[in-house]
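Examination of the molecular architecture
Chain residues, written in single-letter form:
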Amino acid sequence: MELYNYIKSLHLIFVITWFAGLFYIVRLFVYQIEANDKPSPEKEILLNQYKIMTYRLWYIITWPSAVLTVAFAIWLLILMPVWLQMPWMHVKLGFVILLVAYQIKCHLIYKELQNNIFRYSSNFMRLWNEGATIILFAVVFLVILKNAFNWIYGVIGIVLFSVLIMLGFKFYKKIRENK
């Protein structure tokens, strides 16, 4: 049981650093996209700096944290295989799959920005940044409450939370435009 607690602690630490990386990388995408609209030489200086920052964050923190999170999660499931029979775990694993898909999409965006391909607006990236937040809320509530049968309430809560985020985003956008 002592081993289980160490593995669980390491899993949680890497979940936190994984989410930190995901939250920050998209914020750096926003800055990189906005830097592309600046005049020279500011544009080139900022773009080069953001490429270095995103590279280091992505490959030194975010990807290793994702891999270690998954590795420790598998180890936990090996130690506690009964979890795989619990409905809340099935829902949680579904959200983990969504998070991995989110990271892969972020990776594709990262590669484009590293190659000076700007397909998304900074406003889109601000909204995109909320994807990981929504997944985080869902997973934390599932893990703490361990009740997938009331997932309808959870989905309703996530939808309401998403609506609040969208309203907050629109409000923030108006403030930015008025400055």
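For the structure, check the block above.
Quick summary incoming for the structure in this document. (Residues numbered from 1 in each chain as written. Predicted model: local features only at pLDDT ≥ 70, side-chain atom pairs only at ≥ 80, totals over all residues. Heavy atoms only, no water.)

Details of the overall build of the chain
Secondary structure summary: the chain contains six helices and zero strands in total. Going residue by residue from the N terminus, the α and β elements of the chain occur as α-α-α-α-α-α. With respect to the three principal axes, the spread of C-alpha positions in the chain is 60 × 35 × 20 Å. Of all 179 residues assigned to the chain, the portion counted as buried reaches 34%. Counted over contacts in the chain with a minimum sequence separation of 6, partners at least 24 positions apart contribute 81%. Averaging the locations of the 17 positively and 8 negatively charged side chains of the chain gives two centres separated by 5 Å. (Helix = DSSP H or I, 4+ residues; strand = E, 2+ residues; numbered from the N terminus. Buried < 20%, exposed > 50% of the residue type's maximum accessible area, 1.4 Å probe, protein only. Contact = heavy atoms within 4.5 Å. Lys, Arg positive; Asp, Glu negative; His and termini not counted. Charge placed at Lys NZ, Arg CZ, Asp CG, Glu CD.)

With respect to the side chain of Ser-122
Relative to the helices and strands, Ser-122 resides in helix H4 (residues 122-128). In terms of polar contacts, Ser-122 uses its side chain to reach the side chain of Glu-34, at 3.3 Å. Apart from residues no more than four positions distant in its own chain, Ser-122 is found in contact with Val-30, Ile-33 and Glu-34. (Polar contact = N/O pair within 3.5 Å; in protein donor to acceptor, adjacent residues only side chain to side chain.)

Examining helix H2 (residues 42-79)
The end-to-end C-alpha distance of H2 is 53 Å, a good match for the 56 Å that 38 residues give at a rise of 1.5 Å each. Of all the bends in H2, the greatest, near 35°, is centred on Trp-58. (Expected span 1.5 Å × (residues − 1). Bend = angle between axes of the 7 residues up to and from the residue.)

Re the nonpolar core
In terms of nonpolar packing, the biggest core is built from 39 residues, with Leu-22, Val-26, Phe-29, Phe-95 and Met-125 touching the most fellow members. Secondary-structure elements contributing two or more residues to this core are helix H1 (2-35), H2, helix H3 (87-114) and helix H5 (130-145). Considering every element that reaches this core, the biggest residue donor is H1, with 13 residues. (Core = buried A, V, L, I, M, F, W, Y, C linked by side-chain atoms within 4.5 Å.)

Side note on the packing of H3 against H5
When two helices pack together, their arrangement is given by the angle between the helix axes and the distance between those axes. Contact pair H3 / H5: the axes reach a minimum separation of 10 Å and the direction vectors enclose 160°. Looking at the two axes, H3 sits roughly antiparallel to H5. Crossing angle aside, the handedness with which H3 passes H5 is left-handed. Where H3 approaches H5, its residues Trp-88, Val-91, Lys-92, Phe-95, Leu-98, Leu-99 and Tyr-102 are matched on the opposing element by Gly-131, Ala-132, Ile-135, Ala-138, Val-139, Leu-142 and Val-143. Across the contact of H3 with H5, the residue classes tally to 12 nonpolar, one polar and one charged. (Axes fitted to C-alpha atoms, helices over the stretch in contact; angles between N-to-C directions. Parallel < 35°, antiparallel > 145°, perpendicular 65-115°, else oblique. Left-handed = near helix turned anticlockwise from the far one by under 90°. Nonpolar A, V, L, I, M, F, W, Y, C, P; charged D, E, K, R; others polar.)

Remarks on the packing of H2 against H3
Their axes nearest at 12 Å, the elements H2 and H3 cross at an angle of 160°. Relative to H3, the element H2 lies roughly antiparallel. For the element pair H2 and H3, the recorded crossing hand is left-handed. Contacts between H2 and H3 pair Lys-51, Thr-54, Tyr-55, Trp-58, Tyr-59, Thr-62, Trp-63, Ala-66 and Leu-77 from the former with Met-89, Gln-103, Cys-106, His-107, Tyr-110, Lys-111, Leu-113 and Gln-114 from the latter. By residue class, the composition of the contact of H2 with H3 is 10 nonpolar, five polar and two charged.

Keep in mind these values describe shape, not function.
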